[in-house]
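Residue strings, one per chain:
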Amino acid sequence: MSKAPYRFMLRALIAGSPFLVFVLAAELFLYLSGETVLLSTIAERHPRSGPPASYMTMLISQQFDRLHFERIRRERPEILVLGSSHVTRFRKEMFAPRTDFYNCGRTIACVGDLEEFVQALPDGYAPKSVLLGIDHWWFNTSYSEPATFAEGIKTEESMEPNAHFYAFKKLLQTLIHGRFEADVYKRIFSRQHDGLRRYGVLAWHSSGIRNDGSNQVYNRTTPPEFVDKLPQTLEEIGLRPEPCFIQGMKVDEALLTRFLKAIKALEQRGTLVVCFLTPLSSGLRDLYSQYSTQFGIWFDYTKRVPETLEENGVRCIDGSNPAVFGLDDRCLIDRDHARETYGVALLREAAKNPQLRATLHLDLEQLESLLSDPRTTPLFPYFPSSDSSSPQ
């Protein structure tokens, strides 16, 4: 019997062994770093009252919709924060003690997502109250972001082979470019959690989603000043992909009608909805003023949306300018993302109204104390109840 086929297979195995070794090592790394842990498993192991965790993947897709919805489905919290990445800094310590709270930030990127969220709520459940952050580009017909919430809560990226191959590619690029220091890999392989169970490479490195859904960063240093490098001409603006640079003249009435209908659908379930306009830097607001012909939608949004909501019995707080809360641009990490101190200041404004104070379970004295604490910075409040030995 000829030995040629066996020699060929042996040579093929030897030739392919480096690739096989890389695949096995990569899969081990994905598992140990928590990148491929099922979102349902994270929700089960780390409920809001469970051992602290931090979720922020980098190699497998960040499935915030699925993780948040798994926790909502299991725990059915009474108070929800809804919106895009602009609402992720609201956390349980900002609310009255024992408030049944959860932050669903990064789930609503357009009006369609809000509609799908309402439709997806489990039978027999509705939050008692919702704090909803509204971005002005939701009402811009030039903003073409499709709704993804309904699909996002169905899929589990870590179970799809293509997602693993894509993760291998990203891991190889990360290693080649030396994105992380060696200590990150050392802690992942040695399982040095330091009391915080981490899921995802970024959760090991810099930030992640807490058990209450809010986003935490491990470095809570506040820079001395805010720096915003804005485009200087319309040509430069047109080259920027961010939603805040999409031009538009007016709020689209059809989108506003759909938005109001989705809120009314929540109210029909028994939910009290409080909205707020999300913040922007002074520089970006000045840019809108400079090019008011191209960005008239901003001015229409700050007028039409609150008016329409108030006319329909929905309370709306204009948080678009942090100065109304006694803050400046230093409460922002970039031109359209504020951090925790802004959240405390906005809730303090809401708590001045007895109805909103009861609706959102707020403690006005507690919020004022957080803002007046000398250890509070423009970015980060000091929470005395948090464990100072771990990320706040």
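Residues numbered from 1 in each chain as written. Predicted model: local features only at pLDDT ≥ 70, side-chain atom pairs only at ≥ 80, totals over all residues. Heavy atoms only, no water.

A. Structural context of the environment of I317. Tracing the sequence through the fold places I317 in strand 9 (residues 315-318). Residue class for I317 comes out buried when judged on its relative accessible area of 11%. Beyond its immediate sequence surroundings of up to four residues, I317 is in contact with V274, C275, F276, L277, F325, A350 and L356. (Helix = DSSP H or I, 4+ residues; strand = E, 2+ residues; numbered from the N terminus. Buried < 20%, exposed > 50% of the residue type's maximum accessible area, 1.4 Å probe, protein only. Contact = heavy atoms within 4.5 Å.)

B. Spatial organisation of the environment of G213. Among the secondary structure elements, G213 is positioned in the loop between strand 6 (207-209) and strand 7 (215-217). Along the backbone, G213 and A323 are 110 residues apart, and their C-alpha atoms lie at a distance of 27 Å. Beyond its immediate chain neighbours, meaning those up to four positions away, G213 contacts H68, R71, Y102 and N103.

C. Spotlight on the pattern of salt bridges. Across all of its chains, the model carries 22 salt bridges by this definition. Notably, a salt bridge pairs R258 with E115, separated by 2.7 Å at the nearest N-O pair. Of this pair, R258 sits in helix 10 (residues 253-268) while E115 is found in helix 4 (residues 111-120), placing the two residues 143 residues apart along the sequence. One salt bridge in this structure joins E340 and R210, with 3.4 Å as the shortest N-O distance. Here R210 lies in the loop between strand 6 and strand 7 and E340 lies in helix 13 (residues 340-351), a separation of 130 residues in the sequence. (Salt bridge = Lys/Arg side-chain N within 4 Å of Asp/Glu carboxyl O.)

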